[in-house]
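Structural overview
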Amino acid sequence: MKFQNTLSFARELDTQDPLARYRNEFYFPKVNGSDVIYFTGNSLGLQPKRTQAFVDEIMKDWRELAVEGHFYADKSWWDYHERLAQPLAKVVGALPAEISVMNTLTVNLHLLMVSFYRPTKKRYKILCEEKAFPSDQYMFQSQVKFHNLDVSDTLVEIKKREGENFWRTEDVIAKINEIGDELALVLIGGVNYYNGQVFDMQTITRAGKKAGAFVGWDLAHAVGNIELQLHDWDVDFAAWCSYKYMNSGPGNASGIYVHERYLNRRDIPRFEGWWGTKKDTRFLMQPEFDPMETADAWQISNAPVLAVAPYLASLEMFEEVGMQALIKKRNLIVPYLEFILKEIDKEVDSSFEIITPKDRGTQLSVFLHGEGRPLFDYLMTNGVITDWREPNVIRLAPAPFYCSYEDMYRFGQILKEGILKK
Ligand SMILES: Cc1ncc(COP(=O)(O)O)c(C=O)c1O
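Residues numbered from 1 in each chain as written. Predicted model: local features only at pLDDT ≥ 70, side-chain atom pairs only at ≥ 80, totals over all residues. Heavy atoms only, no water.

**Looking at the nonpolar core**
- Among the nonpolar cores identified, the biggest contains 107 residues, and W217, W240, Y336 and F411 are the most heavily contacted of them.
- At eleven residues, helix α12 (residues 323-347) tops the list of elements feeding residues into this core.
- Setting aside chain neighbours within four positions, we find F411 in contact with I37, F39, L337, L341, L379, V384 and L396. (Core = buried A, V, L, I, M, F, W, Y, C linked by side-chain atoms within 4.5 Å. Buried < 20%, exposed > 50% of the residue type's maximum accessible area, 1.4 Å probe, protein only. Helix = DSSP H or I, 4+ residues; strand = E, 2+ residues; numbered from the N terminus. Contact = heavy atoms within 4.5 Å.)

**Some thoughts on the site of the ligand**
- By nearness alone, every residue bordering the ligand is listed as L105, T106, F133, D136, D218, A220, H221, Y243 and K244.
- One of the side-chain N or O atoms of Y243 is found 2.6 Å from an oxygen atom in the ligand.
- When isolated, the ligand has an accessible area of 400 Å², and the protein chains bury 82% of it.
- Considered class by class, the residues forming the shell around the ligand number four nonpolar, two polar and three charged. (Near = heavy atom within 4 Å. Polar contact = N/O pair within 3.5 Å; in protein donor to acceptor, adjacent residues only side chain to side chain. Areas by Shrake-Rupley, 256 points an atom, 1.4 Å probe, with all protein chains shown as cover. Nonpolar A, V, L, I, M, F, W, Y, C, P; charged D, E, K, R; others polar.)

**Re the pattern of salt bridges**
- Counting across every chain of the model gives 37 salt bridges.
- Close ionic contact of D407 with R23 constitutes a salt bridge, the shortest N to O distance being 2.9 Å. Of this pair, D407 sits in helix α14 (residues 405-420) while R23 sits in the loop between α1 (7-15) and β1 (26-27), and the two are 384 residues apart along the sequence.
- Classification of R23 by relative accessible area gives partly exposed; the value is 23%.
- The residue D236 makes a salt bridge to R261 at a minimum N-O spacing of 2.8 Å. With D236 in the loop between β10 (214-218) and β11 (237-240) and R261 in the loop between β12 (254-258) and α10 (279-282), this pair connects stretches of sequence that are 25 residues apart.
- Its relative accessible area of 0% is what places D236 among the buried residues.
- Linked by salt bridges that have partners in common, R161, E164, R168, E170 and D171 make up one network. (Salt bridge = Lys/Arg side-chain N within 4 Å of Asp/Glu carboxyl O.)

**Remarks on the packing of helix α5 (residues 105-116) against helix α6 (residues 134-146)**
- Packing of α5 against α6 brings their axes to within 10 Å, and their N-to-C directions diverge by 30°. Considering their axes alone, α5 and α6 lie roughly parallel with respect to each other. Crossing angle aside, the handedness with which α5 passes α6 is right-handed. For the pair formed by α5 and α6, the contact residues are T106, L109, H110 and M113 on the first element and S135, D136, M139, F140, S142 and Q143 on the second.
- Per-class residue counts for the contact of α5 with α6 are four nonpolar, five polar and one charged. (Axes fitted to C-alpha atoms, helices over the stretch in contact; angles between N-to-C directions. Parallel < 35°, antiparallel > 145°, perpendicular 65-115°, else oblique. Left-handed = near helix turned anticlockwise from the far one by under 90°.)

**Details of helix α4 (residues 85-92)**
- Burial analysis of α4 places six of its eight residues in the buried class, which makes it a mostly covered element.
- Among the residues of α4, those classed as buried are A85, P87, L88, A89, V91 and V92.
- On the buried face of α4, the contacting elements are β6 (99-102), β11, α11 (305-321) and α12.
- Looking one or two places after α4, you find G93, whose phi comes out positive at around 70°.

**Some thoughts on the packing of aromatic side chains**
- A complete count under the given rule lists 28 aromatic pairs for this structure.
- Aromatic side chains F28 and Y402 sit 6.1 Å apart centroid to centroid with 90° between the ring planes, which places their arrangement in the edge-to-face category. Here Y402 lies in the loop between β17 (393-396) and α14 and F28 lies in the loop between β1 and β2 (30-31), a separation of 374 residues in the sequence. In terms of burial, F28 and Y402 fall into one category: buried. (Phe/Tyr/Trp six-rings, centres within 6.5 Å; stacked < 30°, edge-to-face > 60°.)

**Looking at the environment of T294**
- Inspection of the secondary structure puts T294 in the loop between α10 and α11.
- The spacing of T294 and P96 is 198 residues in sequence and 8.2 Å in space, taken between C-alpha atoms.
- Excluding residues that lie within four positions of it along the chain, T294 makes contacts with A97 and L263.

**Some words on the pairing of β12**
- With five of five residues buried, β12 is to be regarded as a mostly interior element.
- Burial along β12 is two-sided: S254, I256 and V258 facing one way and G255 and Y257 facing the other are all buried.
- Alignment of β6 against β12, held across four bridges, turns out to be antiparallel. For I99, the partnering residue across the bridge sits in β12 and is Y257.
- Here β11 pairs with β12 via four bridges, running antiparallel. If you follow A239 over to β12, its bridge partner there is I256. (Pairing = 2+ DSSP bridges.)

It is worth stressing that arrangement in space is one thing and function is another; only the former is reported here.
Shown next, in the form of structure tokens:
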């Protein structure tokens, strides 16, 4: 499609957008009395209007039924989280039995490492990407220390090549093969938080497993953003948060995936609690742990239903729309944003370098050469919500659920004004 940097062209794209009506399903913060242009759905998704009703329902049931709500609420609490498995399985390409919702992301990655990082004298190394999200780095280091191993010998980071801003799949594979039978675990962010790169999860998973390692993915920036086929890719495990593209609220519950080959087994090392034991015997309060036949075996505590409710509301919307429609819009709105950036670049002295490689989802990370924090501040005070990463990178994620093509056009105009005003 031949794009134009005009308001009328952007509005025409909005008219033809089958998801346009979903914009009104979300609350937008306001700056100077107008809805913001929201580019930080990769950090915290906007609040869907329908979420309130899901939370209110639990407050009402609690008010009117108290403890009886566990079993007699319309959406009973004791198995509330199970309602999420089916729709979430579709979002990540898994079987419903392979999905559970619990805790928060880093906690879940730790719990999954308990099961899938089992270092031996020979096979103990962990492969991750360099400069992984800090929480992942702390997690790796603490896990390694927990096993009384040496961090510098155990943690192997895949580097980008000199002068390049992205990881090459061939370099990841080469590293896997180089470590070979010392490799215990490959655990990488499926979509990198900084440059927005989408890793070739299928190829890397195949190589890691061929080397005899477990392969897991941190999908914080992938879920609800890109197409995932975790089961078919033969991924061992994965976890993600729900507050980014899944629009489920700050710090909210995390999802996990565990391949079906590890389900219904008692020989898997796992930190266990009563919500992971079989439902029909759970309340007999017996001492033996009898694992649920699904990924719910990894559940520990009774589900925090007030936190899980917004996730259920969000999944209702994903069910209605489907990942394919979101991806289709993403594949138009992101190139349109890129086009706008290039057009504005021609009109100003500064230059923008998109450091996100072609393997990308919704996020564009843009190096603003010749610009600094004042431009970011200008954007924020003029209603463009984006984020800033050192040295001078802004991340722009036009979430297809609620961003419009007009937003992209208006952003370009505000960006230009901000640069020319300097
Ligand atoms: C890639 C990645 N991993 C881990 C985390 C940490 O998530 P949490 O604070 O929910 O544990 C984040 C948070 O943004 C993230 O982006």
